Amino acid sequence: MVTFIIRRLLLVPVLLFGVTVLIFAMLQLLSPIERSALYVKDFPKNEKAVEGIIRQYGLDRPLYEQYWRWLVGTVDTVNNVRHGGILFGDLGYSRTSSTPVADLIASRFPNTLDLTLWAIGPVIFVGIWLGVQAAVHQNGLIDQAARIFSIIGTSFPTFVFGLLFILIFYATLEWLPPGRLADEYMQVVNSDEFRRYTTLITIDALLNGRFDVFWDALKHMFLPILTLSYISWATFLRVTRSSMLETLRMEYVTTARAKGLSEHDVIYKHAQPNAMIPVVTLAGFSVVGLLGGVVITETVFNYPGIGSAAARAATQLDVVTMLGFALFNGFILIVSNLAVDILYAVVDPRVRLS
Amino acid sequence: MPDLLLDVKGLETQFKTPDGIVHAVNGVSFGLKEGETLGVVGESGCGKSVTMLSVLGLIPSPPGKVTAGEAKFFGQDLLKMSNDEIRHVRGAQISMVFQDPMTSLNPVLTIGRQLEEPLILHIGMTKNQARERAAELLAMVGIPNPKDRLNDYPHQYSGGMRQRVMIAMSLACSPQILIADEPTTALDVTIQAQIMDLVKRLRDELGMAIVWITHDLGVVAGIAQRVLVMYGGFIVEEATVGDLFANPSHPYTIGLLGSLPRIDGKEEGRLYSIDGHPPVLYQKPRSCPFAPRCKWAMEKCWQENPLLTPVSSEHRVACWVDTKTGRAR
């Protein structure tokens, strides 16, 4: 198990290198003048100044040199400051948010992480539970109902549910607001007494003992979570159901029954752990999707996460910000894949020991 | 017959399929005496496994269904028991070993965990007691370093060793009956012999009755005292092993025996094979199910299905023809 994890960890730098090369290649689609905008807050109007920037950052140099500069930046030996260098966290300057891209990610990502944290349960585990129930009652009433219910969720575009839920729960019933926090609680969070241990609002609220803040944060996340869950249940249901049906036909399930185990133990102790192997992959993708920012859901509910920021950058052709997000997403994907691989080993001893 | 441990009468099992109802078992009756080993022989799909699975209520339903019959075990009808009642018989008093040891153990649970389950469930052992007993069981079936091997997973065992584990698991609660459903079919010949020796040794030590399902008459000769020959969901012949091999009376049994290679036989010539295929019965046959493949078939065979009738005290056969003379009985 330990060697397995170490071997997987050794792959991470290789994959990261691949991601940077790919993003760098995308950057080359832009002209040197366009790329020069990466490095400055205020783009100069006169041509001379632009050329100066191009020369200063080596944008007319050979590709490998540019790549290296892009990675580590350049050190200004006079003032001893570093310019650029994604390895040092300089992802360029975001025009649309008027902050460096790295700062934008740092301020938005905790919100996305918070949402992901609370959405994992409803999205994944409820989906799996539905799939198991459908398989156990194959072709029965529960199976049909679960399948029809979830297929509706997948069939409609996300924003339809988003708008529908806003219409019902916010506009009509006035139960659940969009956004991140009510203004009064936002002030609490930004005040000095409220200590930001983790930067996740729900967790920090609990750690500070402010249950009112916690509850308000949860209320704001309820509709996005509901939307995200409903659109993904069908996928989980389908994969879990077919995997479970296949497992229930296996000989070892008959063995378990022949041993005299109750149907409950046969299903949950013998069949389900085997049926989870393909679901782990799906769950991994799902978490990557959530962490990378759920663009439409965040936009519809005006939730200030990575997704809504990326959407704004994309609509305003803010290439620098988009590339920054792309790089960040690549990083998340690699880390999540690592987690999925480790989870595989936990679920399936054959992976662990081979 | 007195003191029958298991007494099955008129068992019928059907499966619903898209092509219609398949009559898999059609009124099977047999008895199993205490400590006896009963061989059940027949081609694939003749209903031998389904018969035994029906008795234990292990037929997947739907599509399968036991439609008639009774199976008396200690005075109680297994077929009428509720799910909960029969659960306490399965694995405790009647247990089963399956054909393919590669697929009949759960790949994600340790061998120890799978061995402990019936002990905890039926005997009420604590986790630690069950652990100790599991190691003893592994030792009993001849697995070296049993204590260490409890933590291993099935894929770390070879096929023969997995079948040993299956046998250990089925004998964990000292059942009165062990149903072995082709337990040596998936193994190579030397391992087959080892597994049969193991089962014979354990039978002598523990004294359980065994139902040994197989399509291999050689295996039956080596382990069973009495044999049922099945065809098309019917028992077509029932005899002691010696009698069956000396005086096979049903054309199907004769065909099966004729297709065995003999160590004292002549070398030339091909082995005999029965023409045609075993039937899939969408209707309960009114004629003899074997008639289409039978070289003795007469007019009566096409009109009426023969019942199992005694030819001597412990030998019964379902056939209109006296195969010795070639005339009607």
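The structure displayed is predicted, hence computed values, not measured ones.

A.B. asks: Help me get a handle on the sheet that holds strand β1 (residues 4-17) of chain B, residues and values and all.
C.D. replies: Residue and element names in this part refer to chain B. Read across the open sheet, the four strands follow the order β2-β1-β4-β5; overall the sheet is antiparallel. Every interior strand has two partners, whereas the edge strands, β2 (20-33) and β5 (76-77), have only one. With two bridges joining them, strand β4 (residues 64-73) and β5 adopt antiparallel strand pairing. Residue pairing in the sheet places F73 in a bridge with Q76 of β5.

A.B. asks: Go over the packing of aromatic side chains, please, and point to the residues and values.
C.D. replies: In the structure shown here, the tally under the stated rule is 18 aromatic pairs over all chains. Geometrically, the ring pair formed by F149 of chain A and W233 of chain A is tilted, given 6.0 Å between the ring centres and 35 degrees between the ring planes. One end of the pair, F149 of chain A, is in helix α6 (residues 141-155); the other, W233 of chain A, is in helix α10 (residues 211-248), and 84 residues separate them in sequence. Among the aromatic residues, those joined into a ring-pair cluster are F149, F156, F161, F165, F169, W175, Y230 and W233 of chain A. Sitting above the plane of the Y157 of chain B ring, R149 of chain B keeps its charged end 4.2 Å from the centroid. Lying across the ring of W320 of chain B, K300 of chain B places its NZ or CZ 4.0 Å from the centre.

A.B. asks: Could you give me a rundown of the interface of chain A and chain B, with the residues and numbers involved?
C.D. replies: Counting from both sides, the interface comprises 19 residues of chain A and, opposite them, 26 residues of chain B. Our enumeration of links across chain A and chain B arrives at one salt bridge. With a closest N to O distance of 2.8 Å, E117 of chain B and K259 of chain A form a salt bridge. Every element with two or more residues in the side of chain A that touches chain B is listed here: α11 (251-258), α12 (263-291) and α16 (349-353) of chain A. Among the elements that make up the side of chain A that touches chain B, the one with the highest residue count is α11 of chain A (six residues). Here the residues of the side of chain A that touches chain B sort into seven nonpolar, six polar and six charged.

A.B. asks: Tell me about the sheet that holds strand β9 (residues 226-231) of chain B, and please be specific about residues and values.
C.D. replies: Residue and element names in this part refer to chain B. If you walk across this open sheet you meet the eight strands as β6-β7-β8-β3-β9-β10-β12-β11, and the pairing is mixed. Among the strands making up the open sheet, the edge pair consists of β6 (94-97) and β11 (309-312). Taken over all neighbouring pairs, the strand axes of this sheet differ in orientation by 20 degrees on average, direction set aside. Bridge count between β9 and strand β10 (residues 234-240): six bridges; the pairing is antiparallel. Looking at the pairing, M230 lines up with I235 of β10. On the sheet, helix α1 (residues 48-55) packs against β3 (37-41), β6, β7 (177-181), β8 (209-214) and β9 and is oriented at approximately 145 degrees with respect to β8. Packed onto the sheet, helix α10 (residues 251-258) meets β3, β9 and β10 and runs at close to 105 degrees relative to β9.

A.B. asks: Would you mind going over the packing of helix α1 (residues 2-27) of chain A against helix α15 (residues 319-347) of chain A in detail, with residue names and values included?
C.D. replies: Residues and elements named next belong to chain A. Their axes nearest at 10 Å, the elements α1 and α15 cross at an angle of 160 degrees. Our classification of the angle between α1 and α15 gives roughly antiparallel. Helix-helix and strand crossings are classified by hand; for α1 and α15 the assignment is right-handed. Contacts between α1 and α15 involve F4, I5, R8, L9, V12, L15, L16, V19, T20, I23, M26 and L27 from the first element and L323, A326, L327, G330, F331, I334, N337, L338, D341, I342 and A345 from the second. Here the residues of the contact of α1 with α15 sort into 18 nonpolar, three polar and two charged.

A.B. asks: So what's going on with the environment of I274 of chain B? Which residues, and what values?
C.D. replies: Residues and elements named next belong to chain B. In this fold, I274 is placed in the loop between α10 and β11. Take I274: its relative accessible area is 16%, and that puts it in the buried class. Note: C-alpha distance between I274 and G242 (32 residues apart in sequence) is 23 Å. Once you skip the residues sitting within four places of it in the chain, I274 turns out to touch Y252, G255, L256, F290 and R293.

Reading the values: rules and limits
- Residues numbered from 1 in each chain as written.
- Chains lettered and ligands numbered in written order.
- Predicted model: local features only at pLDDT ≥ 70, side-chain atom pairs only at ≥ 80, totals over all residues.
- Heavy atoms only, no water.
- Pairing = 2+ DSSP bridges.
- Helix = DSSP H or I, 4+ residues; strand = E, 2+ residues; numbered from the N terminus.
- Phe/Tyr/Trp six-rings, centres within 6.5 Å; stacked < 30°, edge-to-face > 60°.
- Lys NZ or Arg CZ within 6 Å of the ring centre and 35° of its normal.
- Contact = heavy atoms within 4.5 Å.
- Salt bridge = Lys/Arg side-chain N within 4 Å of Asp/Glu carboxyl O.
- Nonpolar A, V, L, I, M, F, W, Y, C, P; charged D, E, K, R; others polar.
- Axes fitted to C-alpha atoms, helices over the stretch in contact; angles between N-to-C directions.
- Parallel < 35°, antiparallel > 145°, perpendicular 65-115°, else oblique.
- Left-handed = near helix turned anticlockwise from the far one by under 90°.
- Buried < 20%, exposed > 50% of the residue type's maximum accessible area, 1.4 Å probe, protein only.

Note that every value here comes from positions in space, so none of it alone points to a role or purpose.
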